[in-house]
Amino acid sequence: MDKINLAHLTTESINPNTKYIDRVSTLDMVTMINEEDKKVAFAIEKEKESIAKAIDLIAERLLEGGRLIYVGAGTSGRLGILDASECPPTFGVDYDLVQGVIAGGNTAMFKAVEGAEDDEELGRKDMIEKNLNGKDVVCGIAASGRTPYVIGAMKYAKEIGALTIAVNMNKKSIMNDYADVAISVEVGPEVIMGSTRMKAGTAQKMILNMLSTGTMIKLGKVYQNLMVDVQASNKKLYERAKRIVKIATGEDDLVIETILDKTDYNVKLSILMIKTGLTKEEAKRLLEKNRGYIVKALKEYEEGLIK
């Protein structure tokens, strides 16, 4: 087995601030962890431009019919799957638009699959099985920035012309060599050496939140700061749908419920109908013409470009 040198990775360094965490009071222990967690957002702030660039490029690819595919191992892979799985109920997108792939397959979500993360060829094979194409985006996630499985996936993505993004916690990451956009957030040594499910994991979660949410905003899935493509699939979400339409339009509750019933609880369509007075068919055509972007649809209506 090849020897791996972890000494140069900041995520594998000893944290001097928590060196004696095993002998302090529980409150002091929690304080140490909290103090380290506070550093995460400030570290991400330094990569805002890279994150913004990634969002713009992802949105372009998705508008062209591409997909966003997160690839990772262990905690990184699980966070990718978590973010992907929350996009359909939150933004009303198809389940294949944003996907998460983890080294070792679905089993690895709950139990470590030994050796999977070290298999570069497996990363390549998993992308081939996904029928990866040049319109897609592969976002590799790895705290160390050196995970062979992720690198294998990114190498293949580059070969076929897919967009590649690297999310890692080490500036000198090998992954960055295969990335069109590199997001390297140095959160520093972990509270417990090498336990990258902590600060590194928190940073990854925050970055993926930005990538997916920012992309969905660019795709017209948000009006003001409201989730207008939310899928009303349970009692809570039905009530949320009503509340969103209420906030967006200020209309009477009875009117809102009537319109929502007509649109099968299509929040975006209901808002446009109420704000314009258009019929369901007219509002639907206007939305489709503007790729589902309410602001653009309203602007066109207000400018009298639609009768």
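Residues numbered from 1 in each chain as written. Predicted model: local features only at pLDDT ≥ 70, side-chain atom pairs only at ≥ 80, totals over all residues. Heavy atoms only, no water.

The name given to the protein chain in an unreviewed UniProt entry is N-acetylmuramic acid 6-phosphate etherase, with the source organism recorded as Caloramator proteoclasticus DSM 10124. You can read under Sequence similarities (unreviewed entry) in the UniProt record for the protein chain the words "Belongs to the GCKR-like family. MurNAc-6-P etherase subfamily." According to UniProt, the comment filed for the protein chain under the heading Function (unreviewed entry) is "Specifically catalyzes the cleavage of the D-lactyl ether substituent of MurNAc 6-phosphate, producing GlcNAc 6-phosphate and D-lactate." (UniProt positions renumbered as here; feature names shortened; annotations may be inferred.)

Enquirer: Go over the packing of aromatic side chains, please, and point to the residues and values.
Expert: According to the stated counting rule, one finds one aromatic pair in the structure shown. A cation over an aromatic ring shows up here: Lys296 above the ring of Tyr293, its NZ or CZ 4.9 Å from the ring centre. (Phe/Tyr/Trp six-rings, centres within 6.5 Å; stacked < 30°, edge-to-face > 60°. Lys NZ or Arg CZ within 6 Å of the ring centre and 35° of its normal.)

Enquirer: So what about unusual backbone geometry? Which residues, and what values?
Expert: Positive phi, normally seen in glycine, also occurs at Asn131, with a value near 55°. Here Asn131 shows up in the loop between α4 (120–129) and β3 (137–142). (Helix = DSSP H or I, 4+ residues; strand = E, 2+ residues; numbered from the N terminus.)

Enquirer: Outline the sheet that holds strand β4 (residues 163–168), listing residues and values.
Expert: Spatial ordering of the open sheet is given by β2-β1-β3-β4-β5, a layout of five strands whose pairing is parallel. Whereas interior strands pair on both sides, the edge strands pair on one side only; in this sheet they are β2 (98–102) and β5 (181–184). Averaged over all pairs of adjacent strands, the angle between strand axes in this sheet comes to 15°, irrespective of strand direction. Both β4 and β5 contribute to a ladder of four bridges, which runs parallel. (Pairing = 2+ DSSP bridges. Axes fitted to C-alpha atoms, helices over the stretch in contact; angles between N-to-C directions.)

Enquirer: Give a description of the UniProt feature "domain: SIS" (unreviewed entry) in the protein chain that names residues and reports values.
Expert: Those places that UniProt annotates as "domain: SIS" (unreviewed entry) correspond, in this numbering, to residues 58–221. Between the end C-alpha atoms of residues 58–221 the distance is 14 Å, and the span holds 40% helix and 16% strand.

Enquirer: Which residues make up helix α8 (residues 253–262), and what values do they have?
Expert: For α8, the set of buried residues is Ile256, Ile259 and Leu260. For α8, the angular spread of buried residues about the axis comes to 100°, placing them on one side. Structural note: α8 exposes Leu254, Asp261 and Lys262 on the side pointing more than 90 degrees away from its buried face. Summarising the contacts, the buried residues of α8 are in contact with α7 (235–249) and α9 (267–276). Of the residues that open α8, the one with a side-chain oxygen 2.9 Å from the backbone nitrogen of Leu254 is Asp252. At the exit of α8 stands Asp264, carrying a positive phi of roughly 55°. (Buried < 20%, exposed > 50% of the residue type's maximum accessible area, 1.4 Å probe, protein only. Arc of directions from axis to C-beta. Contact = heavy atoms within 4.5 Å. Polar contact = N/O pair within 3.5 Å; in protein donor to acceptor, adjacent residues only side chain to side chain.)

Enquirer: Before we move on, can you summarise the packing of helix α1 (residues 26–45) against helix α6 (residues 199–218) with the specific residues and values?
Expert: Packed helix pairs are characterised by how far apart their axes lie and by the angle those axes make with each other. With their axes 9 Å apart at the nearest point, α1 and α6 run at an angle of 40° to one another. Viewed along their axes, α1 and α6 adopt a mutual orientation that is oblique. Seen from above, α1 lies across α6 with right-handed handedness. Residues Glu36, Asp37, Val40, Ala41 and Ile44 of α1 touch α6, and the partners they reach there are Lys199, Thr202, Ala203, Met206, Ile207 and Met210. (Parallel < 35°, antiparallel > 145°, perpendicular 65-115°, else oblique. Left-handed = near helix turned anticlockwise from the far one by under 90°.)

Enquirer: Quick one: what's the story with the domain arrangement of the protein chain, residue by residue and with numbers?
Expert: What the domain assignment reports for the protein chain is domain 1 (10–219) and domain 2 (223–306). If you average the C-alpha positions of domain 1 and of domain 2, the two centres end up 34 Å apart. If you look at the interface, domain 1 gives nine residues, while domain 2 gives six residues. Per-residue buried area on domain 1 facing domain 2 is highest for Leu63, Pro89 and Thr90; these three make up 49% of the total on that side. The interface formed by domain 1 and domain 2 includes zero salt bridges. Scanning the region where domain 1 abuts domain 2 turns up two residue pairs in polar contact (both at pLDDT 80 or more). Contributing elements (two or more residues each) for the side of domain 1 that touches domain 2: α3 (75–91) and α6. Looking at which element gives the most residues to the side of domain 1 that touches domain 2, the answer is α3, with four residues. Looking at the side of domain 1 that touches domain 2 residue by residue, the classes come out as six nonpolar, two polar and one charged. (Domains from an automatic or database assignment. Buried area = accessible area lost by both parts, 1.4 Å probe. Salt bridge = Lys/Arg side-chain N within 4 Å of Asp/Glu carboxyl O. Nonpolar A, V, L, I, M, F, W, Y, C, P; charged D, E, K, R; others polar.)

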